[in-house]
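# Working through the structure, step by step
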Amino acid sequence: PFMYERRALRVREADAGRYATICDFGGERVGAVRGMNAEIDLRRRVQTHAPAVSVVATDTFPELYELFHRGGLAAVAQAEYYAIDGSVIPSSPPGIVLVDHHDLVPGQREEC
C-alpha cells in the first residue's frame, strides 16, 4: 500500500493552538456531511469523549464549508489521506490545519 485513510478535524490556522483533540471543542459546533463516515465517526466520538460538542450535519460539502467559512463551525470532520511514511497528503486549502488525527476504528489510537 502507498497510502491510508484516517480521520481529522480541519480548523482555521489561527485557531490551531486552541484545539488538539475532540475534547477541546466543548461548547463548540463541529460539522460533517450527513450520512458520511465522518458524521458517524464524529457523533460516536462526541458521545463517548466530548458530549458538550454540538454536531452539525449538512446535506452537501459546499453547505458544510460555507457554514465553516462564515464562522458557524469551529471545525469540519472529514477523512484525510496519509502516505505510508505517515505524512499527510495535502487536501486542505492554505489557512486550514488538521487536529485530532485518529483512526476510524476505535482503539487504534489513544483517545483524549
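For the structure itself, consult the block above.
Residues numbered from 1 in each chain as written. Predicted model: local features only at pLDDT ≥ 70, side-chain atom pairs only at ≥ 80, totals over all residues. Heavy atoms only, no water.

Time to look at the nonpolar core. Of all hydrophobic cores here, the largest spans 16 residues; its most connected members are Leu-9, Phe-25, Val-30 and Leu-42. Looking at this core, the elements that each hand over two or more residues are β1 (3–12), β2 (29–33), α1 (37–49) and β4 (75–83). If one sorts the elements of this core by residue count, α1 sits on top with 3 residues. Among the nonpolar cores identified, the runner-up in size contains 9 residues, and Val-33, Leu-67, Leu-73 and Val-76 belong to it. (Core = buried A, V, L, I, M, F, W, Y, C linked by side-chain atoms within 4.5 Å. Buried < 20%, exposed > 50% of the residue type's maximum accessible area, 1.4 Å probe, protein only. Helix = DSSP H or I, 4+ residues; strand = E, 2+ residues; numbered from the N terminus.)

Turning to a nonpolar patch on the surface, a few remarks are in order. A grouping of Met-3, Tyr-81 and Ile-89 is seen on the molecular surface, where their side chains present a nonpolar patch of about 230 Å² in accessible area. Looking at the element boundaries, Met-3 is found in strand β1. (Patch = residues over 30% accessible without salt bridge, like charges linked within 9 Å, V, L, I, M, F, W, Y side chains within 5 Å. Areas by Shrake-Rupley, 256 points an atom, 1.4 Å probe, with all protein chains shown as cover. Salt bridge = Lys/Arg side-chain N within 4 Å of Asp/Glu carboxyl O.)

Attention now moves to the packing of aromatic side chains. One pass over the full model with this rule turns up 2 aromatic pairs. Aromatic pair Tyr-19 and Phe-25: ring centres 3.9 Å apart, planes at 5 degrees, arrangement stacked. Each member of the pair, Tyr-19 as well as Phe-25, is classed as buried. Arranged with centres 6.4 Å apart and planes meeting at 85 degrees, the rings of Tyr-65 and Phe-68 form a pair that is edge-to-face. Residue Tyr-65 and its partner Phe-68 are located together in helix α2 (residues 61–69), separated by 3 residues, close to a single helical turn. Each member of the pair Tyr-65 and Phe-68 is classed as buried. Across from the ring centre of Tyr-82, 5.8 Å away, lies the NZ or CZ of Arg-6, which sits over that ring. (Phe/Tyr/Trp six-rings, centres within 6.5 Å; stacked < 30°, edge-to-face > 60°. Lys NZ or Arg CZ within 6 Å of the ring centre and 35° of its normal.)

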